[in-house]
Structures are given as C-alpha cells and as structure tokens.
Amino acid sequence: MMNDLILKSVDELAPLIKNKTLSPVELTKAVLDHAEKSQDKINSYMSFYREEAVEAAKKAEQDIMQGNYRGMYHGMPIALKDNLFFKDKITTMSSKIHKDFVSDYDATVVRKLRDAGVIFTGKLSMHEYAWGITNNNPHYGPVRNPWNLNKIPGGSSGGSGAAVAVGASIASLGTDTAGSIRIPSSACGIVGLKPTHGRVSKYGCYPLAWSLDHIGPMTKTVKDAAGMLEIISGYDRNDPTSVNVSIDNYIGQVTGEVKDLVIGVNEDYFFNQVDDDINKLVRASIQKLVDQGAKVETVKIPTLQHSEWAELVTSLSEASAIHHSDLMNRPDDFGDDIRFLFELGELPSAVDYLQAQQVRRQLKHEFNEVFEKVDVLISPTLPVIAPTIGENFADLNGEKVDLIDNIIRFTGPGNLTGLPALSVPCGFKGDMPVGIQIMGPAFSEGRVLNVGYAIEQTQPLKGRKPLIFTNV
C-alpha cells in the first residue's frame, strides 16, 4: 500500500486528497518512511523535517475537511533542493562553508508553495554550490541513481532527481544554470522544466551565476510540472531579473494535441556527436509526433558553434565573483572539483566576458528567427548516458569523452538564451532512462509542456520503475 501511494503522481493523488479518500497525514508518513528507508542507498536528503511535516499535514487535513482546499498541491509532501532558503532552517548548499547557514526568510518559491498547502519533508542534496553535474559531493557523499546505484543521478539537482524517481518526494524544485534541472531529470527518468528566465523568482535562492540561473519543477509527470509552475510563477519585485508577465493556465494547455505542430530539428549541433541509441530513441519520439499530425523542419542556428565557450566564460566568471572572498580566504574548504572551477573563473578578462555576452545576444536573435518558422525545437537532453560514480568521462559510441563538456552541450543554450526547455523521458538504453528536450519561444511554457505531454502519452517508460522499489 505504501509503495502504491509513493509511486503516484500529484495529478493522481490530488483528487484522493480533495475528496477526503486519502489523508495528507497518511501520505506524508508514507513518503517520509520510504525516504528514510531508502536514504542509505540513495542519499538524496540533506535533512528531514519529520516532526514539522506531520504537524503541517495535520493542519492541511483539517483545512481540507473544513472545505478550504487550495489546489492540487495542497497536502503534498515535497522536499526541495538545499540552495532554496527556508526561514529559520539550515540551508547548506551542500557545502562545508555554509553548513550552519540559517536564513531569516523564505525564498519566494518556498513561500508560494507553502501558501499552496505543500508539506515540506526536508532538504535535498546537490552538487556543492550547484557547480557540477555528478552530485558526487566530497562533504556529504554521492547521491546514487535509483535506476542503477553505481551511476550518477546527474546534477546539480541530483538529490531532487533521485528523490522524485524513487518516491522519496512526490515532486521537487531544482535550479538550472547550464542544465541542472534537465540533466538529472533525464538521467533519473522524470520530468524537468527550466522556465523562461524571469518567469520564476530567484529571490532566496543562493546563486551560482546570476544571469544564467533558473528555478523550475522536477516531477513525475508533465501535468505535475504544469501545476507546480502555476504556483511558483509570477513577478517578484525582490528579484531584479523577474519579468512582469501574466501567469498562464498551464494545465489547461496540456491536451496532447499536436496536429499541425511544426517541430524544428537542428542537425548540425543538437544531433551531432550523440550516442547512437539515444539518437534512435529521440528520432522515434519525433516520428510518433509526426504520426499524430506534426511536421518537421530542419533549421540552422550558426552561433550554436560558439555557445559552449560563451556558457563557460559566463558561468565561470559570475560564479567566481560570487565566491571570490572565500576562495581567497578559505580555499581548502571547497571540494577539489569546484575549487578548480572557481580558480579557473578568475582567468577570463572583461573582454572575454563581454564578448561572451555578444555571443548570447546573437544566439537569442537566431533562436527568435527560428521560432518564427517553427513552434518548438526538439533534441536529445543529453548526448551520453550518465556514467559510473567517480568517473570523469562518458562513453560516446565506444569513445571516452570529457563528461562535463558533453553532458551540458545540449542544455547550456537554454540558459544562454533564457528560453523555456523541458526534459521528458523517451525510453531506455539498457537500465538507464533517456530524456528528450523540447525548447520553445520565451514564455511559451504551455506549448512546451503540451508537446512533452504528447510524448509522455506514448508511454516511453513502459511502466518500468527503478529496482530500488523492490530492494529497499
């Protein structure tokens, strides 16, 4: 019975809570029990809030019994990435330096979820300061992929990806600077949405790189992501990058109808140097959309050839500026991998940084031109499968290639342009899930989610669940 509950999506659980068939207390205890039981194997949590969560669940149950139902996330037990501030709670950024940091306010997204009736079960592990894609943390240990415990879950939101995949959290939020929502979502077989830059407030989120950071849903299904986006979206005067645009009815746009949808495919970049099996799965998913009435058009985006350089210079420079003082005064308190990156970030000149911003400007222009011809761009989320924990290389059709350079190749352009990008599962290579990425014009999250839903409706996971469910 417990496994039946924790396997369900928010979209499945919400009607049971609304009609009082399921108690939020029962659900919260089931999720916490499973999360605590799986912690030794997965290591997705940084901290548990059992006592507060059960009390909050009792309050949610009382509110619902009195007819004060707040919506689909009311009574849902959820843990969040540990760079989102909780008032009077430790937020570590999975670091040694901030291991005792306590915020005196909630992040805007935390406040909005709390107002929607979410039950917070704890904080989730991440790559230290969100600056990496393995979640192999030197201070708190690696997070393990629920599909294969020897594999990385992806990062930096690896705790969020693993927790949702294994049922240790009904849904979650991640942050994304070069792919840190979409990478673990792809590797863990869940849904991950990076909204348009400015759609979701970043106030109360510890930054990695100011101009590239995003916050977004990581969920079991597309409808779950759509529902969470409706809650966390909106203008916030506390965030100078927040954009004052209307919040759409995202769930209402998720119909699965793709007739006459025009899909853009960029062969030169997004299908170049891709694992053969991933390539086949992504193209098969595109064909299924074509079978439903969609059309495909090949597009050119020349400046993509410079996007990896622009992403690297921008993220390195901004991240190193944020951590410059600690790098000078207590360098040994950083993990070796991110200390190297912060030191590397001291090297680009102002000329380098400004030239990278010119690349971004041109890239945005070219994407905007493409979206005058097509509705969405579809590509693999990752060109490679997540490797074994501790490896710095990935396998690309029998060749060893640098892990970080390859794993962010297809996700980074979404951060440079700020355009919405969604990863949904599209199948398996062996025992590991494969993700497909859908990008759209600015503030077209509803369209992007709908295409993801159409793919989801083809049942690409075929009902498979991580083996951890039978082994815990």
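Computed from a predicted model, the values in this text were never measured in an experiment. (Residues numbered from 1 in each chain as written. Predicted model: local features only at pLDDT ≥ 70, side-chain atom pairs only at ≥ 80, totals over all residues. Heavy atoms only, no water.)

The secondary structure content of the protein amounts to 18 helices and 15 strands. For the protein, the C-alpha radius of gyration of 21 Å lies close to 23 Å, the compact-globule estimate for 472 residues. C-alpha extents for the protein along the principal axes are approximately 60 × 60 × 45 Å. Counting across all 472 residues of the protein, residues that qualify as buried make up 61%. Total accessible area computed for the protein in this model is approximately 17,700 Å², and 49% of it derives from carbon and sulfur atoms. (Helix = DSSP H or I, 4+ residues; strand = E, 2+ residues; numbered from the N terminus. Rg over C-alpha atoms; globule rule 2.2 N^0.38 Å. Buried < 20%, exposed > 50% of the residue type's maximum accessible area, 1.4 Å probe, protein only. Areas by Shrake-Rupley, 256 points an atom, 1.4 Å probe, with all protein chains shown as cover.)

Applying the stated criterion across every chain, the model contains zero disulfides. In this model cysteine 205 remains outside any disulfide bridge; the closest cysteine sulfur is found in cysteine 188, 19 Å from its own. Here cysteine 426 is not disulfide-linked; the sulfur of cysteine 188 is the nearest cysteine sulfur, at 15 Å. (Disulfide = S-S within 2.5 Å.)

Within this structure, the stated rule accounts for 21 salt bridges. Notably, a salt bridge pairs glutamate 36 with arginine 50, separated by 3.1 Å at the nearest N-O pair. Of this pair, glutamate 36 sits in helix α3 (residues 24-42) while arginine 50 sits in helix α4 (residues 50-65), placing them 14 residues apart in sequence. On the accessibility criterion, glutamate 36 (34% relative accessible area) is partly exposed. In this structure, a network of salt bridges that share partners links the residues Asp33, Glu36 and Arg50. (Salt bridge = Lys/Arg side-chain N within 4 Å of Asp/Glu carboxyl O.)

Here we come to empty space enclosed by the protein. Scanning all chains against the criterion turns up three cavities of 30 Å³ or more. Its volume calculated, the largest cavity comes out at about 60 Å³. In this structure, the largest cavity is lined by Ser186, Ala187, Ile278, Leu382, Val384, Ile385, Ala386, Met432, Pro433, Val434 and Gly435. Among the elements of the structure, α7 (182-188) and β15 (432-439) are those that each provide at least two residues to the lining of the largest cavity. Of all the elements, β15 adds the most residues to the lining of the largest cavity, at four residues. Of the residues in the lining of the largest cavity, the class split is nine nonpolar, two polar and no charged. (1 Å grid on protein atoms, 1.4 Å probe; cavity = no way out; pocket = protein on both sides within 12 Å on 5 of 7 lines; lining within 4 Å. Points joined across faces, edges and corners; volume = space filled by probe spheres on them. Nonpolar A, V, L, I, M, F, W, Y, C, P; charged D, E, K, R; others polar.)

What follows concerns the packing of aromatic side chains. Scanning the entire structure with this criterion turns up 14 aromatic pairs. Ring centres 5.2 Å apart and planes at 55° place the aromatic pair phenylalanine 85 and phenylalanine 101 in the tilted group. In this pair, phenylalanine 85 sits in the loop between β2 (77-81) and α5 (108-115) while phenylalanine 101 sits in the loop between β2 and α5, placing the two residues 16 residues apart along the sequence. With 4.9 Å between their ring centres and 20° between their planes, tyrosine 105 and tyrosine 203 make a pair best called stacked. Placement of the pair is tyrosine 105 in the loop between β2 and α5 and tyrosine 203 in the loop between β7 (191-194) and β8 (214-219), with a sequence separation of 98 residues. For tyrosine 105, a relative accessible area of 26% corresponds to the partly exposed category. Look at tyrosine 203 and you get partly exposed, because its relative accessible area is 29%. Clustering of aromatic rings is evident, with ring pairs tying together Phe85, Phe101, Tyr105 and Tyr203. Its end group placed over the ring of tyrosine 49, lysine 89 keeps NZ or CZ at 4.3 Å from the ring centre. (Phe/Tyr/Trp six-rings, centres within 6.5 Å; stacked < 30°, edge-to-face > 60°. Lys NZ or Arg CZ within 6 Å of the ring centre and 35° of its normal.)

This part takes up the sheet that holds β2. Across the sheet, three strands lie side by side as β1-β3-β2; this open sheet has mixed pairing. In the strand order of this sheet, the two ends are held by β1 (45-48) and β2, each with one partner. Adjacent strand axes in the sheet meet at a mean angle of 35° when their direction is disregarded. Examined bridge by bridge, β2 and strand β3 (residues 119-124) share five bridges and lie parallel to one another. For leucine 80, the partnering residue across the bridge sits in β3 and is lysine 123. (Pairing = 2+ DSSP bridges. Axes fitted to C-alpha atoms, helices over the stretch in contact; angles between N-to-C directions.)

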